[in-house]
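Residue-level structure breakdown
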Amino acid sequence: MQNTIRPRRTKILILSNQIDGLFGWFFVEEQNLENSPFSYEVALDTQMALRLIEREPCAYSGVLVDRKGFEEGELVRFASQVSEIASPLFPKILQLDGQSCVQNSNWYECILASLVDIPAIASVQFITELIRLKDKALFEHLLNVRNYSAELAKLCVKEGIIDERTAEFVSFVSFFHDIGKLLISDEILHKPGKLTPEEFQSMKLHTVLGAKLFEKSIKTDKENRLLTSLYRVIKYHHERFDGRGYPEGLQADQIPTEATIVAVADVFDALTSSRSYREAYTVSEAFSIMISDEGHFDPQILYVFEKNFEQIVDSTNRLKLA
């Protein structure tokens, strides 16, 4: 008789001091916890949750927060403490959909619309770990771009350019903008010098190759805004406002706003990072280069970046030091 090999289940930490009501939410979702593709542990308060995370910092894909019964300030402190004791990206702190929240709240990373989204969080965690192990420099670049993008997206909300949900998506998906580089040969990706024109053409394929990874999922779940944002950012973050970018030569309003935000963050981190053929530019030098690069960036996104430049850099530097 053959043994059935069961896949490892995603592990979720549930923070709730009203556990009966929380399980009522599960039943409304018509999910059977015993047969679900994730396992869970329950913490009744934030201190208990922190002790569990400290015990196993890499064990949980997400912390599912039932914010009823918790003060906003307590959840902000909790999220900050989680980031100090766990990895830079996991566990994700998720809020239950449909619960009231304070405007411009920043303690959660995204809202969980359905329990069926939980296994997707685990898949993202696996991809993140794969990138970290395969290419440390790429991982650090992705993390920096994610931090810059998240801060810039929040400021775009204040300017009325995007809504809060889109900002959440940008914060989440920006980390994966260069995932297609995993499919580019190491000889090109890590060449100690400038690329030849032919090599650069191959490098440019990372946008299309990365997007292809998610094409099938997009076709089967066309209403998934998070997945759509992920696809757009991966494929279009090298488009230029003047139409001279790649892969499709989109221009102006043809370029998804999520991608225009990540484009600014991506170029800024690239300029302020060392390369084998040049030293890193200072933040002031990088800023000047970007402002003078007429036609590259969406003017309204570049304006927000320029207006809040010091705040964006200072905020991201604090994250790097944490």
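Heads up: these notes are all about the structure in this document.

Let's shift gears to helix 13 (residues 283-292). Every buried residue of helix 13 is accounted for by Ala286, Phe287 and Met290. Along the long axis of helix 13, the arc covered by the buried residues comes to 100°, so they all point the same way.

Here we come to the packing of aromatic side chains. As enumerated under the stated definition, the model contains 9 aromatic pairs in all. When the centroid spacing of 6.3 Å and the interplanar angle of 85° are considered together, the rings of Phe200 and Tyr246 count as edge-to-face. Of the two residues, Phe200 is situated in helix 8 (residues 197-204) and Tyr246 in the loop between helix 11 (225-236) and helix 12 (257-271); the sequence distance between them amounts to 46 residues. A residue is classified by how much of its surface remains accessible, and Phe200, at 39% relative accessible area, is partly exposed. Accessibility expressed as a relative area gives 14% for Tyr246, which makes it buried. Ring geometry for Phe268 versus Phe309: centroids 5.7 Å apart, planes at 90°, classification edge-to-face. Residue Phe268 is found in helix 12, and its partner Phe309 is found in helix 15 (residues 309-321); the two are separated by 41 residues along the sequence. One exposure class covers both Phe268 and Phe309, and it is buried. One aromatic cluster is present, built from ring pairs that chain together Tyr148, Phe268, Phe287, Phe305 and Phe309.

With respect to the secondary-structure elements, Thr46 resides in helix 2 (residues 46-55). Separated by 3.0 Å, the side chains of Thr46 and Glu74 make a polar contact. Residues in contact with Thr46, not counting those within four places in the same chain, are Leu15, Phe70, Glu74 and Phe78.

Counting 46 residues, the largest nonpolar core has Ile131, Leu152, Phe268, Met290 and Phe305 as the members making the most contacts within it. For this core, the elements supplying multiple residues, two or more each, are helix 5 (136-158), helix 6 (164-173), helix 11, helix 12, helix 13, helix 14 (299-307) and helix 15. The leading source of residues in this core is helix 5, at 11 residues. Leave out the neighbours within four places in its chain, and Ile131 touches Leu138, Phe139, Leu142, Phe175, Ile179 and Leu182. Listed in part, the 15 residues of the second largest apolar core include Ile53, Tyr60, Val63 and Leu75.

Quick look at unusual backbone geometry now. Residue Pro247 is reached from Tyr246 by a cis peptide bond, and omega for that bond is 15°. Relative to the assigned elements, Pro247 resides in the loop between helix 11 and helix 12. Positive phi, close to 50°, is recorded for Ala252, a residue that is not glycine. In this structure, Ala252 sits in the loop between helix 11 and helix 12. Residue Ala252 is classed as partly exposed on the basis of its relative accessible area, which comes to 27%.

The next subject is helix 14. Three or more residues of helix 14 are buried, namely Ile301, Leu302, Val304 and Phe305. Each buried residue of helix 14 sits inside an arc of 155° when the element is viewed along its axis, so together they form one side. N-capping of helix 14 is provided by Asp298, with a side-chain oxygen placed 3.0 Å from the backbone N of Gln300.

Attention now moves to the packing of helix 11 against helix 12. Packed helices, taken two at a time, are described by the angle between their axes plus the distance between the axes. Here helix 11 crosses helix 12 at 50°, and the two axes come no closer than 8 Å. Regarding the angle of helix 11 to helix 12, the classification is oblique. Two packed elements cross with a definite hand, and for helix 11 against helix 12 that hand is right-handed. Mapping the contact onto sequence places Ser229, Arg232, Val233 and Tyr236 in helix 11 and Glu258, Ala259 and Val262 in helix 12. Taken together, the residues that form the contact of helix 11 with helix 12 break down as 4 nonpolar, 1 polar and 2 charged.

Its location among the elements puts Arg275 in the loop between helix 12 and helix 13. With 85 residues separating them in the primary sequence, Arg275 and His190 have C-alpha atoms 9.8 Å apart.

Moving on, we get to the packing of helix 6 against helix 11. Relative to each other, helix 6 and helix 11 sit at 55°, their axes nearing to 9 Å. Between helix 6 and helix 11, the interaxial angle falls into the category oblique. Read as a crossing pair, helix 6 and helix 11 show a hand that is right-handed. Together, Arg165, Thr166, Phe169, Phe172 and Val173 of helix 6 and Arg225, Leu226, Ser229, Leu230 and Val233 of helix 11 make up the contact between the two elements. Class assignment for the residues of the contact of helix 6 with helix 11 results in 6 nonpolar, 2 polar and 2 charged.

Cut-off values and rules
Residues numbered from 1 in each chain as written. Predicted model: local features only at pLDDT ≥ 70, side-chain atom pairs only at ≥ 80, totals over all residues. Heavy atoms only, no water. Buried < 20%, exposed > 50% of the residue type's maximum accessible area, 1.4 Å probe, protein only. Helix = DSSP H or I, 4+ residues; strand = E, 2+ residues; numbered from the N terminus. Arc of directions from axis to C-beta. Phe/Tyr/Trp six-rings, centres within 6.5 Å; stacked < 30°, edge-to-face > 60°. Polar contact = N/O pair within 3.5 Å; in protein donor to acceptor, adjacent residues only side chain to side chain. Contact = heavy atoms within 4.5 Å. Core = buried A, V, L, I, M, F, W, Y, C linked by side-chain atoms within 4.5 Å. Axes fitted to C-alpha atoms, helices over the stretch in contact; angles between N-to-C directions. Parallel < 35°, antiparallel > 145°, perpendicular 65-115°, else oblique. Left-handed = near helix turned anticlockwise from the far one by under 90°. Nonpolar A, V, L, I, M, F, W, Y, C, P; charged D, E, K, R; others polar.

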